Structure formats: structure tokens, C-alpha cells
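Tertiary structure, described
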Amino acid sequence: MNNIVLRTILSFIGLVLLQVLVCSNVNFLGEINPYIYVVFILLYPVINNRLLFLFLSFLLGYTIDIFLDSGGVHAAASVAIAYIRPLFLKFSFGAAFDYQSIKFSNTDFSRRLIYFLLLIGIHHLILFSLVIFDETKTVLILRQTVYSSIFTLILSLLLSSLFSKKET
Amino acid sequence: MQQLFNFFIKNKTFVLFLLLFSYALSLTIQSHEYHRSKFLNSSNQITGSVYGTFHSITQYFNLKQENRLLLEENNRLKTKVFNQKDSIPVDSVLEYKYDLFPSLVYKNSYALPNNYLTLNKGKNDSIKEDYGVITSKGIVGIIDATSKNYSRVLSVLNTNSRVNVKLKKTNYFGTLSWDGKSPEITQLKDIQDLVKLSVGDTVVTSGYSSTFPPNIPVGSVESFDLNDTKDLYIIDVKLFNNMKNLEHVYIIKNTDINELKTLIISNE
């Protein structure tokens, strides 16, 4: 149990630092940045206290917001995907997910890809809608969402496979 | 009452989600309005020291370019001194006096619609809000929040930013703002259509606000167009500063700012 708590705290701090110091300064092609910290929400243990999980997701997003001076956009997007996550777990890994604990490292790559893609897509859509905050710029919002999602997806798949190797 | 409690306990996850989400939304909406996003920001002690530690490593990467910039500035200032005929002119009564503080940029962004910078000077160095920030090439922004050791700058690349500037040739003044598109181009508005313009004209600060002294370079006219009602120009100004790469900046303190403020208040 303590091991899980320690890992959660370490990955929280590690991802925040990775995000604000490295990933937010990539500016690929001028404006595309990956938002790698969502991996924390994606890979949070399936059996959990949902209230604590929601609160931690909010805290993670809000910490990023404070570092990046972006108001509450990351907090809002993070809480939203944390809340709808069980739905997508069911959709991607089948209905049996809450009876047995899924180890993300043991799941199919294709299922994991769908799960990551959907949640990252929704997160980025909420994020950029709030960042740009202008209904006349829908095309810009969608473009940024697609490009950044691809970037985040690739990095998060790499990062998750890196961590799952450590487990075995 | 009992039912109400039962409802909350039953839906506690949803209630918590709603609470946190609406709080985050309210923070977002406030951050889109100028002068209301001051509570927790990157100028606090923890984020400042994290950025500072990281900066002490990354600063080595741009040393060459920074040295070149400083050398260029030295060169320009020396040329000015050597070619000065008289002794330095005495300040007239009407002109403000300005103090400059050198500072380092700890954090910079330019890809968002609302960009901020974090500097390594704060209240302990007598830095306050509404002080201007420039580099040797041009303006950067205005300080909008300070803590003990750090301060946050509202960049000119922020859709909330408004700076009073003028055309150097004709002295017509207008407002510099940003449309959030390119980090190199800002927009100068409120210049009347009868003003003669040409591409390449220099834009400088007007000196009508107490933040910036007059005649600090801003940028050059890239292109211009009339607005919808055909009476005012919308001018694209290419910034002299490379906002993507800022390291050494100067904070400008107007030593008469308190006197000016009391004057404005007493006028109202």
C-alpha cells in the first residue's frame, strides 16, 4: 500500500516538473506542445477512492496552471477526464474492468491506444476551448487539439511502456 | 432535509466533480480579464525557485547569443557617448526620471493567447506592479504581479495587453495590442486614416503613460489596412524584440509614479 502511495506522489511531482520545465517549452512548429501530465490520470490505479482521485486530478491540473499562469484551464480539463474515466475504461477494456484489477501493462496495445486516444482527445479539446475561449476560432481550437493530441499520445505511450517495464 | 443529505451522499462524486470543475472554470474566466488574475501565479516562492533552479542549468545554452546582444548594446551606447557634443543635458522639470533594474527571465511563453513571463526580481528589490519591462532592443511587457523575490510580467504577446505607442515620424499615437496569432507581429490601432504611413516606419513608446519613458523602440510597420468603418488604421507591427528568446531584461521604475498617481486620483 505504502509503495503505491509513494509511487503516486513521486509520479505527481515528476510529471509536473517534466511538464512545466520541458514539455511546455517544446513549441514544435511554433505552437505545438505535448501535455504529458495527463498520463497521471490515465494510469491511476483502477481500484481507487473516486473522491480522492478527482481531487488529485484537480490538484495536478491546478499546479500546472499556477506554473504556466493559465488560470484554471488545466484543472478543468483534468477534473473532467478524471470524472468520465470509468466510462472509457469500460468501453476500452470491457465491462469486467472493475471486478478485477487491470494492470495497464498487461493489456493489449490496441485497447490501450484507443483508451489513451479518447481521453487525451477529450482533455485537449476542453483545454484548448478554454485556452482560446473564443467561439469564432473553432478551426484553430480543433487544429491545436489534433496536433497536440498526437504529440501527447506518442509521448504518453512511450512513457507508459517505460514504466511498465520497470514493474516486471 | 434528510432526503437532501441522502441525495448528496449518493451523488457525492458528481457533486465534488461539479464543485471542482466550476471552480476551475471561474478561475479560467477570471484569467481572461485583465487585472483580475492575480491570486496564485508563477511569481510565488515555490514556482519561482523551481524555475530558478532549472534556469541556472539552461542559461548556458544561449550564452553566445546573449553575449552578442550585450556587446551590440554596449557598442551602441559607447557610440552615443563618444559622439555626444555637450555634457549630458539636465533633465527639465517636466520630464520623469527613471531607474533601471537588470533582471533575468526565468520563464517565458509565446504560444498561448495569454502569455506571461516570470522574472527573478520582486518586492525585495523594490519592484512593484505597473513597472515596464524592456530589453536592449524593445519593449517586453508590464509587471502585473509581484512576490518577495519574483515578479510576473504581462507580455505584449497577451490579448489583454495594451501599450500606448506612437509613430516616430509623425508623432501620432495609438494603442498596441495583440490578436494572438503570430509571436512576431502585434497590432497598432486607433491611428486615423489621414496619417501618412509607409511600410518600415518605426513605432516607439509614446511616453504618455507613466510606465514607459518616451521613444523606447517597439517595432516597425509590416503592413497596414483600414478597419471596417474605414476611418482608423489597423497596423501590423513587427516587433524588434525576438520574444521567443529573452534572457536579460531591464525593469523600468518611474520615480515619480506615486506623485503622478496621487495627481490622477485628485483629478478624479
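Let me begin by describing the structure that accompanies this report.

Bringing the pairing of strand β6 (residues 163–167) of chain B into the picture now. Taken residue by residue, a regular strand's side chains alternate between the two faces of the sheet. Residues and elements named next belong to chain B. Counting buried positions along β6 yields four of five residues, so the element is predominantly enclosed. The sheet contact formed by β6 and strand β7 (residues 173–177) spans four bridges and is antiparallel. Pairing of V165 across the sheet is with G174, part of β7. Count of turn residues in the β6/β7 antiparallel hairpin: five residues, of which N171 carries a positive phi of about 65°. Pairing geometry for β6 and strand β9 (residues 202–205), over three bridges, is antiparallel. Of the residues in β9, the one forming a bridge with V165 is T205.

On to the packing of helix α3 (residues 50–68) of chain A against helix α4 (residues 73–93) of chain A. All names here are of chain A. Running from N to C, α3 and α4 point in directions that differ by 155°, and their axes come no closer than 7 Å. In terms of axis orientation, α3 runs roughly antiparallel to α4. Handedness of the crossing formed by α3 with α4: right-handed. Along the contact surface, α3 presents R50, F53, L54, S57, F58, G61, Y62, I64, D65 and L68, while α4 presents V73, H74, A75, S78, V79, A82, Y83, R85 and P86. Its residues placed into classes, the contact of α3 with α4 shows twelve nonpolar, four polar and three charged.

Time to look at the nonpolar core. With 60 residues, the main nonpolar core has A:F40 and A:Y115 as its most contacted residues. Residue assignment for this core shows that the elements contributing at least two residues are α1 (2–22), α2 (39–42), α3, α4, α5 (109–132) and α6 (138–167) of chain A together with α2 (12–31) and β1 (98–107) of chain B. Considering every element that reaches this core, the biggest residue donor is α4(A), with eleven residues. Once residues within four sequence positions are removed from consideration, A:Y115 is found in contact with A:L42, A:R85, A:F88, A:L89, A:S92, A:F93 and A:F104. Counting 40 residues, the second-largest nonpolar core is a separate cluster that includes B:L117, B:V165, B:L167 and B:V218.

Calculation criteria
Residues numbered from 1 in each chain as written. Chains lettered and ligands numbered in written order. Predicted model: local features only at pLDDT ≥ 70, side-chain atom pairs only at ≥ 80, totals over all residues. Heavy atoms only, no water. Buried < 20%, exposed > 50% of the residue type's maximum accessible area, 1.4 Å probe, protein only. Helix = DSSP H or I, 4+ residues; strand = E, 2+ residues; numbered from the N terminus. Pairing = 2+ DSSP bridges. Axes fitted to C-alpha atoms, helices over the stretch in contact; angles between N-to-C directions. Parallel < 35°, antiparallel > 145°, perpendicular 65-115°, else oblique. Left-handed = near helix turned anticlockwise from the far one by under 90°. Contact = heavy atoms within 4.5 Å. Nonpolar A, V, L, I, M, F, W, Y, C, P; charged D, E, K, R; others polar. Core = buried A, V, L, I, M, F, W, Y, C linked by side-chain atoms within 4.5 Å.

By themselves, these figures tell us nothing about what the structure is for.
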